[in-house]
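Inside the fold
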Amino acid sequence: MEIRSRLILILVVLLLFASAPALPAAAQTPVVRAVLFYSPTCLVCHEIMGEFLPPLMEKYGGQLEILNIDVTTTVGQRIYQEAIKAFGITDNRKGVPTLIASSVVMVGRYEIPDYFPTVVETGLLADGVDWPQIPGLVQEIQAGTFDYFGEEGSFGYETSLWDTFNRDPAGNSIAVIALGGMVYSIFRILGFYLKSGRKKTPEIPDWVIPAVAIIGLAVSGYLSFVEISATEAFCGPVGDCNVVQQSEYARLFGMVPVGILGMAAYIVLLTAWAIQRFGKDELKRGAIQLMWFVAIAGTVFSIYLTYIEPFVIGATCIWCITSAVAMTVLLWLTTYRAIDLQSRGRRRGRRAKA
């Protein structure tokens, strides 16, 4: 059965290569040229680029050329989107690593090792094949935008934090500022809470908490829509939301969109606020504590995500930063509520002893 499948694949590839533009007649030996779309943060990309492709490159030498295209860069993402349209790549096959030779599209850990050696052999039998017909690709190759596989530094994994940050200095600077504010808030609020009772908390209007939570809910809802529908986000002049939303970090454990988690957190906060505002007295204490715990967890998770953007992905999502700031503001507001709750408990305890 496996032999039959391999023969069918060879016939299909031969037909595809027969319709592909041939290499110039001046070429001394046939060459197969392919394009590899990858992400520096993709573990399967590491596996394919570090374990599978090097022996293949060594075997074929100059007869195999692979162009590396990092989809986390603006130009790389644009070419990838053009490839999706040109080859009709369906939603269930979108992602990296994606390897394209002529009109053959191979995706993921299994298809690339299973099919690419046969694609190369068949392409060489057909006297070689030129780059896939992706709009804009040839121009970028001529401009030297991308590296060839095997060139020094072409894997893209050895880049420093500074190199990653410099992919978008303006947007990533905003992320770093927000990150510093969140880290400061966590430590400042911890000390503030431990000293509660010694300092008076500021008077905050009761409507502020739901107002901020609704803003966060709206932002998370929009990000959820972008992540689930795979549509492009409106990013504005700073940052690159789409690179962030198309990264593996946009989904927890590769399954749950981070935006959905944000929506759930804000809904819990709004529900707890309503209980402490309008609910029975015996439920109010637990509701205030729940708000505080959710705000702490949300801020800590936002710190993690905000660090990932400038130093791992190399791009910043302003929508994500807005949600992170909203959650941090809620942390301060719910901490004041938690401190007031604790102070009232202490006062009741002192009165009971008296």
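This text follows the structure it describes.
A brief report on the enclosed structure follows. (Residues numbered from 1 in each chain as written. Predicted model: local features only at pLDDT ≥ 70, side-chain atom pairs only at ≥ 80, totals over all residues. Heavy atoms only, no water.)

1. Brief notes about the overall build of the protein chain
- Along the backbone of the protein chain there are twelve helices and seven strands.
- Here the protein chain, with 354 residues, has 45% of them falling under the buried criterion.
- Of the contacts formed within the protein chain by residues at least 6 apart in sequence, a portion of 76% connects residues at least 24 apart.
- Split by element, the accessible area of the protein chain, about 18300 Å² in all, is 63% carbon and sulfur. (Helix = DSSP H or I, 4+ residues; strand = E, 2+ residues; numbered from the N terminus. Buried < 20%, exposed > 50% of the residue type's maximum accessible area, 1.4 Å probe, protein only. Contact = heavy atoms within 4.5 Å. Areas by Shrake-Rupley, 256 points an atom, 1.4 Å probe, with all protein chains shown as cover.)

2. Points about the packing of aromatic side chains
- Inspection of the entire model under this criterion finds eight aromatic pairs.
- Consider the rings of Tyr222 and Trp319, whose centres lie 5.0 Å apart with planes at 55°: the pair is tilted. On the criterion of sequence distance, the pair formed by Tyr222 in helix 8 (residues 208–229) and Trp319 in helix 12 (residues 318–353) is long-range, its members being 97 residues apart.
- Looking at Trp319, the relative accessible area reads 27%, which means it is partly exposed. (Phe/Tyr/Trp six-rings, centres within 6.5 Å; stacked < 30°, edge-to-face > 60°.)

3. A short note on the sheet that holds strand 2 (residues 64–70)
- Sheet architecture is open: five strands sit in the order 4-3-1-2-5, paired in mixed fashion. The open sheet is flanked by strand 4 (104–107) and strand 5 (147–148), the only strands paired with a single partner.
- Inspection of the sheet shows strand 3 (residues 98–101) paired to strand 4 by four bridges, in the antiparallel sense. Residue pairing across strands places Thr98 opposite Val107, the latter belonging to strand 4.
- Along the sheet, helix 4 (residues 108–125) makes contact with strand 1 (32–38), strand 2, strand 3 and strand 4, crossing strand 4 at roughly 150°. (Pairing = 2+ DSSP bridges. Axes fitted to C-alpha atoms, helices over the stretch in contact; angles between N-to-C directions.)

4. Structural notes on the pairing of strand 4
- Along strand 4, one buried face is formed by Val104 and Met106 and the opposite face, lined by Val105 and Val107, is buried too.
- Hairpin geometry of strand 3 and strand 4 is characterised by an intervening segment of two residues between the two adjacent antiparallel strands and by a positive phi of about 55° at Ser102.

5. Quick look at the layout of surface pockets
- Reported here for the largest pocket is a volume of approximately 950 Å³.
- In this structure, the largest pocket is lined by 35 residues; those nearest its centre are Lys94, Gly95, Gln245, Gln246 and Ser247.
- Secondary structure elements with two or more residues in the lining of the largest pocket: helix 2 (43–60), helix 3 (74–87), helix 8 and helix 9 (241–245). (1 Å grid on protein atoms, 1.4 Å probe; cavity = no way out; pocket = protein on both sides within 12 Å on 5 of 7 lines; lining within 4 Å. Points joined across faces, edges and corners; volume = space filled by probe spheres on them.)

6. Comments concerning helix 11 (residues 281–313)
- The end-to-end C-alpha distance of helix 11, which contains 33 residues, comes to 47 Å, matching closely the 48 Å that a straight helix rising 1.5 Å per residue would cover.
- Immediately downstream of helix 11, the backbone of Gly314 shows phi near 85°, a positive value. (Expected span 1.5 Å × (residues − 1).)

7. Focus on the environment of Val119
- Turning to its location among the elements, Val119 is positioned in helix 4.
- A C-alpha to C-alpha distance of 8.0 Å links Val119 and Val104, two positions 15 residues apart in sequence.

8. Section: the nonpolar core
- Leu53, Leu64, Ile66, Leu99 and Phe116 are the most contacted members of the largest nonpolar core, which totals 27 residues.
- If you list the elements that add at least two residues to this core, you get strand 1, helix 2, strand 2, strand 3, strand 4 and helix 4.
- A total of nine residues in this core trace back to one element, the largest contributor, which is helix 2.
- In this structure, Ala213, Ala265, Ala272 and Trp273 belong to the second largest nonpolar core, which totals 19 residues. (Core = buried A, V, L, I, M, F, W, Y, C linked by side-chain atoms within 4.5 Å.)

9. What to know about the environment of Gln81
- Checked against the element boundaries, Gln81 lands in helix 3.
- Taking the relative accessible area as the measure of exposure, Gln81 reaches 24% and is therefore partly exposed.
- Taking the C-alpha atoms as reference points, Gln81 and Pro135, 54 residues apart in sequence, are found 9.8 Å from one another.

No statement about biological role is implied by the geometric values presented.
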